[in-house]
Amino acid sequence: MKLYELTIHEVRELLAKKEISSEDLTKAVLERIDQVEEKIRAFLTIDREGALEKSRKIDEEADFSGALAGIPGAVKDNICTKNLKTTCASKILGNFIPPYDATVSKKLKADNAVILGKTNMDEFAMGSSTENSGFFITRNPWDLERVPGGSSGGSAAAVAAGECIFALGSDTGGSIRQPASYCGVVGLKPTYGRVSRYGLVAYASSLDQIGPITKDVTDCALVLNAISGWDECDSTSVNMPVPDYTESLVADVKGMKIGLPKEYLGEGIDREVREAVLAAARTFESLGAACEEISLPHTEYALWAYYIIAPAEASSNLARYDGIRYGVRAAGYGDLIDLYKKTRSEGFGPEVKRRIMLGTYALSSGYYDAYYLKAQKVRTLVKSDFDRAFEKYDVIISPTAPTAAFRIGEKTGDPLKMYMSDVCTIPVNMAGLPAISIPCGFSQGMPVGLQIIGKAFDEATIIRAAYTFEQATDYHRKKPVL
Amino acid sequence: MEFETVIGLEVHVELLTKSKIFCGCTTEFGGEVNTHCCPVCLGMPGVLPVANKKAVEYAIKAALALNCEIAEFSKFDRKNYFYPDLPKAYQISQYDLPLARKGYIEIEVDGGVKRIGINRVHLEEDAGKLVHEEGKGYSLVDLNRTGVPLIEIVSEPDIRTPEEAWLYLNKLKTILQYIEVSDCKMEEGSLRCDTNISLRPKGSDKFGTKVELKNLGSFRAVRRSLEYEERRQREILEQGGAIVQETRRWDEARGITIPLRSKEEAHDYRYFPDPDLVPIVIDREWVEELKSGLPELPDARKKRYVEEYGLPAYDAEVITASKALADFFEKCVSQYHDPKTVSNWVMSEMLGILNETGREIDEVPFEPEHLVKMLKMIDDGTISGKIAKEVFREMFDTGKDPEAIVREKGLVQISNEKELEKIAKKVIEENPKSVEDYRNGKEKAIGFLVGQVMKETRGKANPQLVNKILKELLN
């Protein structure tokens, strides 16, 4: 038995029976990191000492009441961890050590989870391949020549490679689901407002959500339980009771109505991906659900509206990185303006600069109505498409991404092509809905993800659908060979 | 050509909430640099603002006191610009949906009442401060003030003279102090004012090109800078020139305005709704509750003083200009029969000493009861009006009870006729010239002789009695 291959629910049993200690488990995972990290490069920071110390402390206190107690997880590097470097994979925050914990970090710690380190990502979560990291690229454990997806590529790759038992990612336009799909793991973006954003370094505030990346759906429910809930530090978190998501781990979709939007299966979607999704629909039908083709007519506009709204918010959110108070300040500047220019020119990578410029332009006086306001209207239309569909259907299924993981360097020269890899996930963020990506097949040996979209605050139903599918298939059991 | 001046004011006022507008840090003025801050107001990566309900409440109270309509739906927007005193590189403010609109303030101009419209009142956060190290090639940043709640009050361009601007500011300050939402201390920066001024041919209904004035450190500076700018613009226009739309800085020492930046250099703030904050939906019942909780405002109080106490309008105006002063006055009046006498003492003696010593009304060390006690001592002849002024001064210096002062200093009025007669005789002997004048019909000469007796008794003699005794002796 290789400890690093186990899931949360499997190690919880072993820990409870005292068959292993948290230290054993943490050591096993750290050894795995030693073996494969050189190839994968999933981590920006590995807190070896901190993790071991914490695991020993947990063993000593023998308090395993928390669902994640004693279990080593990884945190995306845009989630603040007190006294542990948090860079957002950007040179401009290359030396930033937060003096405070994000609410989710606090919750993990309160649950006695062991934080192994911080995972690589596209700089400030802007990207779909983790190639935009300001430090190095991360490789897909299934094929080291391919990207792990992004922006939470480090988290997804680490889970797939057994370099952690679970991980947290963040999702603004697909950044949890798309890498989960590329790496053959489970990733869930909660409803906007379900998980506190306090301490998540903002990319696009009205779209960002933190969520779990795990090895299976059961683990996903466990991590979601641990991080969900209203937070007085986040006005956009919603004060609603959070159900126990493990109660949704029931293999039963009888009578469930599933919508299959034609806009997500047409042009631009890889044939093998489409077939895997259609096969998944048949699986659901065989389990007693009813699948019907539906239409979400404004889908084609969602991506373009997203590339107005997200950069607009980003241009403002990233303005604080000016080299004055924290982070890296460029050397050899003249006056104040020069300090700003040098610091930001040297500190930000090309994709971040592109989006800052896009967003600044979209908000400029005289252009606001034509771009930002118009994009917000499109957003309303995208949302009302979903609202209408959910009057009739319990969940909507689609591919998570149009293709399986692409080759490193394949799309870096063409930003629009890169942007298209989020075409199936972006509308969900625009509508603020929850969605999960689970493995549903392979395309040329690379994992394919199935996206299950739910009603707002109805994570329970998508977890039930995902769990039922998982129980009926064995895609999630396939592991990359490293 | 005759010109008409058009002035509008933008006033920023810090609210007296205990904590900042979007985090829990204290709003206390001063303090060691960068100690009144936390990750949120420092704009650390990942932090989020949460609106302070008290700040919204104070802003609504202020807007109500300024006769504004309170919006049912309002929101926060980001005003984006780079500056080292602004940690997030945007200020959370309100753009197209302010908290309140369409109010007014009434001022007295030429004996009449003039209404100055208020365009809007909105909430925003304050920025920090830069400390410039002369000649060191760097500046330091103090973020204690960052995130202190502010309201911005924008007037309509209804003001026509620098004097009206001054009156508007004073009235605004008085109202905000009355409702206790701000202390409006310009020297501590809790009230700040920018002005817009333009000139147009008299009778024209189009606005002229406006100039914005900044760096106004006092109400006096507001008035002086407007007077200067009015003159400068008139001279340019009279010579056929054109006004440049720009922002100018008031140079207090030189008494002139200097160009700061032109219209072309103006910022594009790229306002957009702050996605981190939910819209403010204001409950009507809450507004009604706040409205009914407002104290009596200065205009209403002034009217009552004239009608109920029979005070001259001028006295009522001066006393109600400060809530603390009016409260003091009213406490006295509740225990004393003659409001006008109280008003005289408060206005001349009390304000005189406050002005002279630069103290505030809340620093007066004695109670209204003490002043009343002193007035009663005049009435019953224990002390003279003149001695009372000495006693009053002593009350200010020591905070002691007037009875104790009179006793300790031996200031009781001399009403003993025999004793006074003795002194009067001596004075008559020493001033034959005045005596002669009086006997020759110069009635006024007696005043000099009374004065001499008062001098001999160091002011303690009862002046009416002295007058009577002298007349008896001389006739």
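Residues numbered from 1 in each chain as written. Chains lettered and ligands numbered in written order. Predicted model: local features only at pLDDT ≥ 70, side-chain atom pairs only at ≥ 80, totals over all residues. Heavy atoms only, no water.

- As recorded in an unreviewed UniProt entry, chain B goes by the name Aspartyl/glutamyl-tRNA(Asn/Gln) amidotransferase subunit B, listed as coming from Thermosediminibacter litoriperuensis.
- UniProt annotates chain B under Subunit (unreviewed entry) with the comment "Heterotrimer of A, B and C subunits."
- Here is the UniProt Sequence similarities (unreviewed entry) comment for chain B, exactly as written: "Belongs to the GatB/GatE family. GatB subfamily." (UniProt positions renumbered as here; feature names shortened; annotations may be inferred.)

- Within an unreviewed UniProt entry, the label attached to chain A reads Glutamyl-tRNA(Gln) amidotransferase subunit A, and the organism entered is Thermosediminibacter litoriperuensis.
- What the UniProt record of chain A gives under Catalytic activity (unreviewed entry) is the line "L-glutamyl-tRNA(Gln) + L-glutamine + ATP + H2O = L-glutaminyl-tRNA(Gln) + L-glutamate + ADP + phosphate + H(+)".
- Its UniProt record, at the heading Sequence similarities (unreviewed entry), says of chain A: "Belongs to the amidase family. GatA subfamily."

Quick word on the domain arrangement of chain B
Size of an interface: often given as the accessible area lost when the parts come together.
Then step 1. Domain parsing of chain B yields domain 1 (3–289), domain 2 (313–409) and domain 3 (417–474).
Then step 2. The straight-line distance from the C-alpha centre of domain 1 of chain B to that of domain 3 of chain B is 63 Å. (Domains from an automatic or database assignment.)

Examining the packing of helix α12 (residues 417–430) of chain B against helix α15 (residues 463–474) of chain B
Residues and elements named next belong to chain B.
Then step 1. Taken N-terminus to C-terminus, the directions of α12 and α15 make an angle of 55°; their axes are 10 Å apart at the nearest point. Classified by the angle between their axes, α12 and α15 sit oblique to one another. Every pair of crossing elements has a handedness; the one defined by α12 and α15 is right-handed. Note on element contacts: α15 touches α12 through Leu-465, Val-466, Lys-468, Ile-469, Leu-470, Leu-473 and Leu-474, opposite Glu-417, Leu-420, Glu-421, Ala-424, Lys-425 and Ile-428.
Then step 2. Taken together, the residues of the contact of α12 with α15 sort by class into 9 nonpolar, no polar and 4 charged. (Axes fitted to C-alpha atoms, helices over the stretch in contact; angles between N-to-C directions. Helix = DSSP H or I, 4+ residues; strand = E, 2+ residues; numbered from the N terminus. Parallel < 35°, antiparallel > 145°, perpendicular 65-115°, else oblique. Left-handed = near helix turned anticlockwise from the far one by under 90°. Contact = heavy atoms within 4.5 Å. Nonpolar A, V, L, I, M, F, W, Y, C, P; charged D, E, K, R; others polar.)

Side note on the environment of Thr-341 of chain B
All names here are of chain B.
Then step 1. Checked against the element boundaries, Thr-341 lands in helix α8 (residues 339–357).
Then step 2. The class for Thr-341 is partly exposed, based on a relative accessible area of 22%.
Then step 3. Separated by 30 residues in the primary sequence, Thr-341 and Leu-311 have C-alpha atoms spaced 9.9 Å apart.
Then step 4. Among residues more than four places away in sequence, those in contact with Thr-341 are Tyr-336 and Leu-375.
Then step 5. Within the structure, the side chain of Thr-341 is placed 2.3 Å from the side chain of Asp-338, a separation counted as a polar contact. (Buried < 20%, exposed > 50% of the residue type's maximum accessible area, 1.4 Å probe, protein only. Polar contact = N/O pair within 3.5 Å; in protein donor to acceptor, adjacent residues only side chain to side chain.)

Details of helix α9 (residues 368–379) of chain B
All names here are of chain B.
Then step 1. When the terminal C-alpha atoms of α9 are compared, their 17 Å separation across 12 residues agrees well with the 16 Å that a helix rising 1.5 Å per residue should span.
Then step 2. Those residues of α9 that fall on the buried side of the exposure criterion are Pro-368, His-370, Leu-371, Val-372, Met-374, Leu-375 and Met-377.
Then step 3. At its buried positions, α9 is contacted by α7 (323–333), α8, α10 (385–398) and α11 (402–409). (Expected span 1.5 Å × (residues − 1).)

Details of the UniProt feature "active site" (unreviewed entry) in chain A
All names here are of chain A.
Then step 1. UniProt feature "active site" (unreviewed entry): in the numbering of this structure it lies at Lys-76, Ser-151 and Ser-175. The greatest C-alpha distance among the annotated residues, which extend across 100 residues, is 10.9 Å, indicating that they converge on a single site.
Then step 2. You can see Ser-151 is positioned in the loop between β3 (114–119) and α5 (153–160).
Then step 3. Sequence-distant contacts of Ser-151, defined by excluding residues within four places in its chain, comprise Lys-76, Asn-120, Met-121, Asp-122, Ala-125, Met-126, Gly-127, Thr-130, Ser-170 and Ser-175.
Then step 4. Within the structure, Ser-151 has its side chain in polar contact with the side chain of Lys-76 (distance 2.7 Å).

Overview of the pairing of β3 of chain A
Side-chain positions along a regular strand alternate between the two faces of the sheet.
Residue and element names in this part refer to chain A.
Then step 1. In terms of burial, β3 is largely enclosed, as 6 of its 6 residues are buried.
Then step 2. Across 3 bridges, strand β1 (residues 43–46) lies against β3 in antiparallel orientation. Directly across from Phe-43, in β3, lies its bridge partner Thr-119.
Then step 3. Strand direction decides the pairing type here: strand β2 (residues 72–76) and β3, joined by 5 bridges, are parallel. The partner of Lys-76 across the bridge, within β3, is Thr-119. (Pairing = 2+ DSSP bridges.)

A few points about the pattern of salt bridges
Then step 1. The full count for this structure, using the stated rule, is 62 salt bridges over all chains.
Then step 2. Across the salt bridge formed by Asp-252 of chain A and Lys-254 of chain A, the nearest N and O atoms sit 3.8 Å from each other.
Then step 3. The closest approach of N and O atoms between Glu-164 of chain B and Lys-114 of chain B, which form a salt bridge, is 2.8 Å. A residue pair is termed long-range when its members are at least 10 positions apart, and Glu-164 of chain B in helix α2 (residues 162–178) and Lys-114 of chain B in strand β7 (residues 112–125) qualify at 50 residues. An identical accessibility class is assigned to Glu-164 of chain B and Lys-114 of chain B; each is buried.
Then step 4. Each of Glu-180, Glu-296, Arg-301, Arg-304, Glu-308, Lys-323, Asp-327 and Glu-330 of chain B takes part in one network of salt bridges that share partners. (Salt bridge = Lys/Arg side-chain N within 4 Å of Asp/Glu carboxyl O.)

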